[in-house]
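Here is how the chains run, residue by residue.
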Amino acid sequence: MGGVGNSWLIFKMLQKNARVRMPAKPIYCVLAVLVFGGIMLPCCVTVGVMSYVMTQALAEVGSRGNGILYEMQILSVFSMVFGMLVVFNMLYFSSDREHLVTFPVQAHHLMTAKFLFAYLMESAMEFPVLLAALIGYFAALAEGASCGAGALLGQVSPVSWVAALCGIFLVPLVPMLYCGMFSVVLMACLKRVRSAQTFYRISGVCMLGFAALFLYSLRGMGQINIENYVEALGSGQDLFLRTMNVIFFPVPWFTAALDEVKAGYLLLYLGMHVALFLLFVLLGKQWYQQGLYTVGALGNAAATRGARRPGRRHSLFVACLLRELRVLLRTRAFAGNCVYVNLIWPAGTFALFYFTSDHGNLASFVGMYRIGKERAELAVMLALLFAAFIATAMNSLSSTAFSREGKQIGLLKYIPVPYMTQLRAKACASAIFTMPALLAMEGIAAYYLGMSLSKIVFYAALMLAAHMIASAVGMLMDSGMPYVTWDDEYSALRGNVSTFFNMAVMMFAAGAVIGLSLLLYEALKWPLPAYSLLVFVVLWGTAVGTVLLTDVRILENMEDLDCG
Amino acid sequence: MIRAENLTFVYGKQKKAVDALSFAVQPGEIVGFAGPNGAGKTTVIKMLTGILKPAQGRVLIHGHDIVREPLVAKRAFAYVADDPDVLLQLSGAEYIHYVADIYGVSEKDRADRVQALTERFGMADALGMPMREYSHGMRQKTMIIAALIHNPPAWILDEPMTGLDPAAAYELKQLMKEHAANGNAVLFSTHVLEVAEKLCDRILILHHGQSVYQGTMEQLKTQHPQKSLEEIFIGLTSG
């Protein structure tokens, strides 16, 4: 079988192995409907409407295509930032690596298969969003042409249709190819580093730098507001768009083919993807095998030194907690996806305020907060609450609390430690990694907003309550159906439906808390301090109730855990 | 058939896992690879199979250098890793056919071999199930069946008996004997000295990455008269 055939074979096998098992309980069907109807659909509709509005608005200033271009570039940035770790780990650190390299397959063919698998897994949720953006764009065209969707079908050039179809699948490909090339080059540069710790530190810093560079390029987004965005986008002077048009240079060719119906640009767009893909394969041919050897030879000197330290005696709780913390910090997949991912919140908040707090809408908002406008204060409180719910669900610390045990889940049952102690240790580990990031985020916001100490403490207490609710629900979900038969830690995170559904439930919870809080504020018309106290009492009451109720159920689930 | 020349491997900057190791497995031979935990057995096997690149030395499989001609060399051996927990969402049959596709095994050959091997290992009824539902031993049997599906001249097996029931362990030993009797080579690592004694034409004992004994069991016993196999092993690998 040829090289391409082997790549395809491995890709298909990886795909089959990634099938997610849906537990056969009615609640999971409800949750699946909730995820689709409550998250995916609204997301797609929102993007589609944005696309529609931007296209219509920009058509008036003669830059109709810049709206869809803007959206495609934002999606490209997200693909790159979130794809970086996934691609790097998939290429070099997945546990099937040692298994697959013994087969008679060229290393770069293996790399290609793994890359395509990572691209599809990572972009599966993005394809419907891209489709929605394009539907919004075509709807605006139909509106502009004063014809219905059916008539538009006949009017739009085949070049546009082909471009749209290609764009759905190719827009996320370039950022992922960049991630792949960066990973291969990074590994080639690190081939002389033999210590695992040094290797992880350097690669971590490189990837953080890469992500920071992209966050930095977002600084231009703050200059956009309702008043000036049409002008800024229409004139093509928007800093974000200009930067992204250089980095993701094929995307403007895509919009030119789509909007200006230029077949040459379509060919250029497709050709550049082929060229970039071939460049990636070429780099892999040169360096991928060497990178695999480098990973195989990494040593761990610090662990050897640590083993000679005398052991200290700890209480049952501390012993369990230390085990949780060590597993989380020392397992690369968990460290990246569950621990360090929390840095997004303070980093994002800093970037938001640093780049935009002295101009645009945010500057006005900061001004309103500083002079004590109640709605501004309410908005800050609710934004922090929202972040606490989402951050807790996003880091999966609670929704993988039991799945993380993997094949060793029987350990929970046979060690002579009360289930409640083990449960508390898991909950505490979740709080230890989530709350400091949330507090750092709050601290940064407090600095820029000039928040008083009493408010800082008050908001922190609210965030803690939100974290407790999210954490308890996450652990409840995971304890009911832990996913323990994973091949490696990355598949433990990817194949775990609890993580996915916990995120969905928390998005709903956050949305409900914010929506109800706003409605109630408008209905009651109480002074904000009194209203905040009401929110505090209700939220903490809910948190305590949730923890007490879920504790009982989680302990029952632990009792019933199938450790076979 | 399997030749290691002056193999050296270093993890990190200091830890020399294998130090100037040379040995050969000739056609028709079964060679056992013994040594205490951490002696470097798995590291040697990973170098033999192309997972790790030797810092020094080279590996020849069927006359082909595993680093310079990896594809030809890899086609010439079957490898069973010490951990059978891979691709667990696939069924046993899916996994075996995937490996058969990779090695380009014809439909007739794979049907014949799958039938023969599954019957010998008592796996015929379980192949349709996802491997996540298998016991450790069943996963190990599936890995063995898949590894042998292309019937290569050299077998390299890392702790292949681990988790196998007595009947399956017996079948595997019989298969190893038959394979060697047909002029092929078998190299396997083991902790069980009795297995090595009964099965191997020669044994290689590794300690701190270096060979402390290479030869037949009879020679080993002759060199250490009035000592049990365990005592000889502990004497060679202590310190």
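Note that the structure is a prediction, hence the values are computed from the model and not measured.

**Comments concerning the overall build of chain A**
When its secondary structure is counted, chain A shows 26 helices and zero strands. Residues counted as buried form 52% of the 564 residues belonging to chain A. Considering only contacts in chain A between residues 6 or more positions apart, those separated by 24 or more positions represent 82%.

**Observations regarding the pairing of strand 1 (residues 2–11) of chain B**
Sheet faces and side chains relate simply in a regular strand, where the side chains alternate between the two faces. Residue and element names in this part refer to chain B. Of all 10 residues in strand 1, seven are buried; the element is thus mostly enclosed. Following strand 1, the chain reverses through three residues before pairing antiparallel with strand 2 (residues 15–25); Gly12 in that reversal takes a positive phi of roughly 65°. Bridge analysis of strand 1 against strand 4 (residues 56–61) gives five bridges, and the strand direction is antiparallel. Opposite Ala4, over in strand 4, you have Val59 as the bridge partner.

**Observations regarding the state of the cysteines**
Inspection of the entire model under this criterion finds zero disulfides over all chains. Cys338 of chain A forms no disulfide, and the closest cysteine sulfur to it belongs to Cys428 of chain A, at a distance of 16 Å.

**Things to note about the sheet that holds strand 5 (residues 64–65) of chain B**
The pairing of strands in a sheet happens through backbone hydrogen bonds and is either parallel or antiparallel. With antiparallel pairing, four strands are arranged side by side in an open sheet as 2-1-4-5 (chain B). Among the strands making up the open sheet, the edge pair consists of strand 2 and strand 5 of chain B.

**Focus: the pairing of strand 7 (residues 154–158) of chain B**
Residues and elements named next belong to chain B. Of all five residues making up strand 7, five are buried, and the element is well covered by its neighbours. The two faces of strand 7 match: Ala154, Ile156 and Asp158 on one face and Trp155 and Leu157 on the other face are all buried. When strand 6 (residues 77–80) meets strand 7, the two strands line up parallel, connected through four bridges. Considered in strand 7, the bridge of Ala78 is made with Trp155. Bridge count for strand 7 against strand 8 (residues 185–189) is five bridges, and the pairing is parallel. Along strand 8, the bridge assignment pairs Ile156 with Leu187.

**Here we look at the packing of aromatic side chains**
All names here are of chain A. Summed over the entire model, instances satisfying the criterion amount to 25 aromatic pairs over all chains. Taking 5.6 Å as the distance between ring centres and 25° as the angle between the ring planes, the aromatic pair formed by Phe458 and Phe536 counts as stacked. Within this pair, whereas Phe458 is found in helix 23 (residues 453–480), its partner Phe536 is found in helix 26 (residues 528–559), the two being separated by 78 residues in sequence. In textbook terms, an aromatic cluster arises when at least three aromatic residues are bridged by ring pairs, as seen for Phe88, Tyr92, Phe93 and Tyr288. The aromatic ring of Phe402 is capped on one face by Lys426, whose charged end is 5.4 Å from the ring centroid.

**Regarding the interface of chain B and chain A**
Taken together, the 33 residues of chain B in the interface contact 31 residues of chain A. For the pairing of chain B and chain A, the buried interface totals around 3,200 Å² over both sides, and the portion due to carbon and sulfur atoms is 59%. Between chain B and chain A we count three salt bridges in total. Glu94 of chain B is the partner of Lys16 of chain A in a salt bridge, and the nearest nitrogen-oxygen pair spans 3.7 Å.

**A few points about a nonpolar patch on the surface**
Residues Phe36, Leu41, Val45, Val49 and Val53 of chain A make up a contiguous nonpolar surface patch of about 450 Å² in total accessible area. Looking at the element boundaries, Val53 of chain A is found in helix 2 (residues 26–59).

**Here we look at the pattern of salt bridges**
Evaluated as defined, the whole model comprises 28 salt bridges over all chains. The salt bridge involving Arg553 of chain A is made with Glu556 of chain A; its shortest N-O contact spans 2.7 Å. Placement of the pair is Arg553 of chain A and Glu556 of chain A together in helix 26, with a separation of three residues, close to one helical turn. Taking relative accessible area as the criterion, Glu556 of chain A reaches 38% and is therefore assigned partly exposed. Note that Asp109 of chain B is salt-bridged to Arg113 of chain B, the shortest N-O span being 3.8 Å. Here Arg113 of chain B and Asp109 of chain B lie together in helix 4 (residues 107–121), a separation of four residues that amounts to about one turn. On the basis of relative accessibility, which here comes to 32%, the residue Asp109 of chain B falls in the partly exposed class. Since its relative accessible area comes to 23%, Arg113 of chain B is described here as partly exposed.

**Brief notes about the confidence of the model for chain A**
Per-residue confidence for chain A averages 85 on the pLDDT scale, and 87% of its residues sit at or above 70. For chain A, the element scoring lowest by mean pLDDT is helix 15 (residues 301–307) of chain A, at 51; helix 22 (residues 419–449) of chain A scores highest, at 95.

The rules we used
Residues numbered from 1 in each chain as written. Chains lettered and ligands numbered in written order. Predicted model: local features only at pLDDT ≥ 70, side-chain atom pairs only at ≥ 80, totals over all residues. Heavy atoms only, no water. Helix = DSSP H or I, 4+ residues; strand = E, 2+ residues; numbered from the N terminus. Buried < 20%, exposed > 50% of the residue type's maximum accessible area, 1.4 Å probe, protein only. Contact = heavy atoms within 4.5 Å. Pairing = 2+ DSSP bridges. Disulfide = S-S within 2.5 Å. Phe/Tyr/Trp six-rings, centres within 6.5 Å; stacked < 30°, edge-to-face > 60°. Lys NZ or Arg CZ within 6 Å of the ring centre and 35° of its normal. Buried area = accessible area lost by both parts, 1.4 Å probe. Salt bridge = Lys/Arg side-chain N within 4 Å of Asp/Glu carboxyl O. Patch = residues over 30% accessible without salt bridge, like charges linked within 9 Å, V, L, I, M, F, W, Y side chains within 5 Å. Areas by Shrake-Rupley, 256 points an atom, 1.4 Å probe, with all protein chains shown as cover. pLDDT = per-residue confidence, 0-100.

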